[in-house]
Amino acid sequence: MTRKKLIAANWKMHKTVAEAAAFAAEFVPMLESIPGCDLVVFPPATALATLSRAFKATRVAVGAQNVHWEASGAFTGEVSVEMIADAGGTWTIVGHSERRHLFGETDEAVARKLGAALAGGLSPILCVGEKLESRQAGEAESVVRRQLDAAFAPRSAGDLSRVVVAYEPVWAIGTGQTATPGDAETMHRFIRRTVEARFGAEAASTLRILYGGSVKPDNAAGLLGRPGVDGALVGGASLEAGSFADIARATG
Ligand code: PGA
């Protein structure tokens, strides 16, 4: 089973509208030197519409970093699926560890967000990953299994075709510390087995599983070369067009 690699940029709370447009202007000419992987950029919500216009005639998709599960209502500060789509977004991140741990997002909330994204036609990247203390206690797999079970219990195998999972060990995010390619491969295999147990072999074999956590141009090839590592979710190193392009070139 060959799965097309996906390289995603999570800009977090970085870049104004003008800065996002400048990134696009710099990045678009680099596309011809990037092998045929899928590319998606997740800017702050304020830059979504501008960035989707800037990437319109290209293969770069855009998405939101977070989404609410309700269609509308009194939810100050939240953004709906429809609003994301209206701004040109076709993807959303769901359950990023910063949402889970800094903003108290529960497994149940993540499951509802995943369902809303799918129902509204967005492609979700579901983030899972353990904290350092869980890894040290030998509980990395049980944490990841709990997160997957909660998000996938309400889902069917058919839903899975639009879902991407990102394994992002919390201790590797923004710390400069990456999982070794071997550790990433082992956890990706565990995730695929867990998905297979719930949805069957076919759904599991087509599921793309990204690695995230301090992916940089100099470690990308080692991670992306591992079986079962189908791409990367990149934070810090995606803020600069040249370094994001270098990571995407490592898929070739
Ligand atoms: P990082 O972030 O690449 O800066 O570690 C990754 C992420 O949080 O998705």
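Now for a look at the structure at hand. (Residues numbered from 1 in each chain as written. Predicted model: local features only at pLDDT ≥ 70, side-chain atom pairs only at ≥ 80, totals over all residues. Heavy atoms only, no water.)

### Thoughts on the overall build of the protein chain
Moving on, step 1. Looking only at helices and strands, the protein chain has 11 helices and eight strands in total.
Moving on, step 2. A compact globule built from 252 residues should have a C-alpha radius of gyration of about 18 Å, and the protein chain, at 17 Å, falls within 12% of that.
Moving on, step 3. For the C-alpha atoms alone, the extent of the protein chain along its principal axes is close to 45 × 45 × 35 Å.
Moving on, step 4. Within the protein chain, the proportion of its 252 residues that are buried is 52%.
Moving on, step 5. A separation of at least 24 residues holds for 73% of the contacts in the protein chain among residues at least 6 apart in sequence. (Helix = DSSP H or I, 4+ residues; strand = E, 2+ residues; numbered from the N terminus. Rg over C-alpha atoms; globule rule 2.2 N^0.38 Å. Buried < 20%, exposed > 50% of the residue type's maximum accessible area, 1.4 Å probe, protein only. Contact = heavy atoms within 4.5 Å.)

### A short note on the site of the ligand
Moving on, step 1. Taken together, 13 residues are adjacent to the ligand, and Lys12, His96, Glu168, Gly174 and Ser214 come closest.
Moving on, step 2. The side chain of Lys12 places a nitrogen or oxygen atom 2.7 Å from an oxygen atom of the ligand.
Moving on, step 3. For the ligand, an oxygen atom lies 2.9 Å from a polar atom in the backbone of Gly235.
Moving on, step 4. Within the complex, 97% of the 280 Å² of free accessible area of the ligand lies under protein.
Moving on, step 5. Residue composition of the shell around the ligand, by class: four nonpolar, seven polar and two charged. (Near = heavy atom within 4 Å. Polar contact = N/O pair within 3.5 Å; in protein donor to acceptor, adjacent residues only side chain to side chain. Areas by Shrake-Rupley, 256 points an atom, 1.4 Å probe, with all protein chains shown as cover. Nonpolar A, V, L, I, M, F, W, Y, C, P; charged D, E, K, R; others polar.)

### Comments concerning the side chain of Ser214
Moving on, step 1. Within the secondary structure, Ser214 is located in the loop between strand S7 (208-212) and helix H10 (217-224).
Moving on, step 2. Within the structure, the side chain of Ser214 is placed 2.8 Å from the backbone nitrogen of Gly176, a separation counted as a polar contact.
Moving on, step 3. Here Ser214 is in contact with Ala172, Ile173, Gly174, Thr175, Gly176, Gln177, Thr178 and Asn219, once residues within four sequence places are set aside.

### A closer look at the pairing of strand S4 (residues 91-94)
Moving on, step 1. A two-sided burial pattern is seen for S4, the buried positions comprising Trp91 and Ile93 on one face and Thr92 and Val94 on the other.
Moving on, step 2. By the bridge criterion, two bridges tie strand S3 (residues 60-64) to S4 in an arrangement that is parallel. Each bridged residue has a counterpart across the sheet, and for Ala64 the counterpart in S4 is Thr92.
Moving on, step 3. For the crossover that starts at S3, traverses helix H3 (residues 81-86) and ends in the parallel S4, the hand is right-handed. (Pairing = 2+ DSSP bridges. Right-handed = clockwise from strand over helix to strand, strands pointing away.)

### Section: the nonpolar core
Moving on, step 1. Membership of the largest hydrophobic core comes to 69 residues, with the highest contact counts inside it found for Ile7, Phe27, Leu39, Phe152 and Ile191.
Moving on, step 2. Here the element with the most residues in this core is helix H8 (residues 181-199); it accounts for six residues.
Moving on, step 3. With sequence-adjacent residues up to four places away left out, Ile191 is seen in contact with Val128, Val144, Leu148, Val165, Tyr167 and Ile209.
Moving on, step 4. Listed in part, the 13 residues of the second largest apolar core include Val40, Ala61, Ile125 and Ala166. (Core = buried A, V, L, I, M, F, W, Y, C linked by side-chain atoms within 4.5 Å.)

### Points about the sheet that holds strand S8 (residues 231-234)
Moving on, step 1. Strands sit in the order S1-S2-S3-S4-S5-S6-S7-S8 around a closed barrel of eight strands; the barrel is parallel. Pairs of neighbouring strands in the sheet enclose a mean axial angle of 25 degrees, with direction left out of account.
Moving on, step 2. Of the pairings in the sheet, the one linking strand S1 (residues 6-10) to strand S2 (residues 38-42) comprises five bridges and is parallel in character. Each residue of the ladder has a partner; that of Ala8, found in S2, is Val40. (Axes fitted to C-alpha atoms, helices over the stretch in contact; angles between N-to-C directions.)

### Here's the deal with the pairing of strand S5 (residues 123-128)
Look at any regular strand and the pattern is simple: side chains alternate between the two faces of the sheet.
Moving on, step 1. In terms of burial, S5 is largely enclosed, as six of its six residues are buried.
Moving on, step 2. Across four bridges, the pairing between S4 and S5 is parallel. Residue pairing in the sheet places Thr92 in a bridge with Pro124 of S5.

### Examining helix H5 (residues 107-119)
Moving on, step 1. The terminal C-alpha atoms of H5, which comprises 13 residues, lie 18 Å apart, in line with the 18 Å expected from a rise of 1.5 Å per residue.
Moving on, step 2. Of all 13 residues making up H5, 10 are buried, and the element is well covered by its neighbours.
Moving on, step 3. Regarding H5, the residues found buried are Asp107, Ala109, Val110, Ala111, Lys113, Leu114, Gly115, Ala116, Ala117 and Leu118.
Moving on, step 4. Phi for Gly121, located one or two positions after H5, is positive at around 90 degrees. (Expected span 1.5 Å × (residues − 1).)

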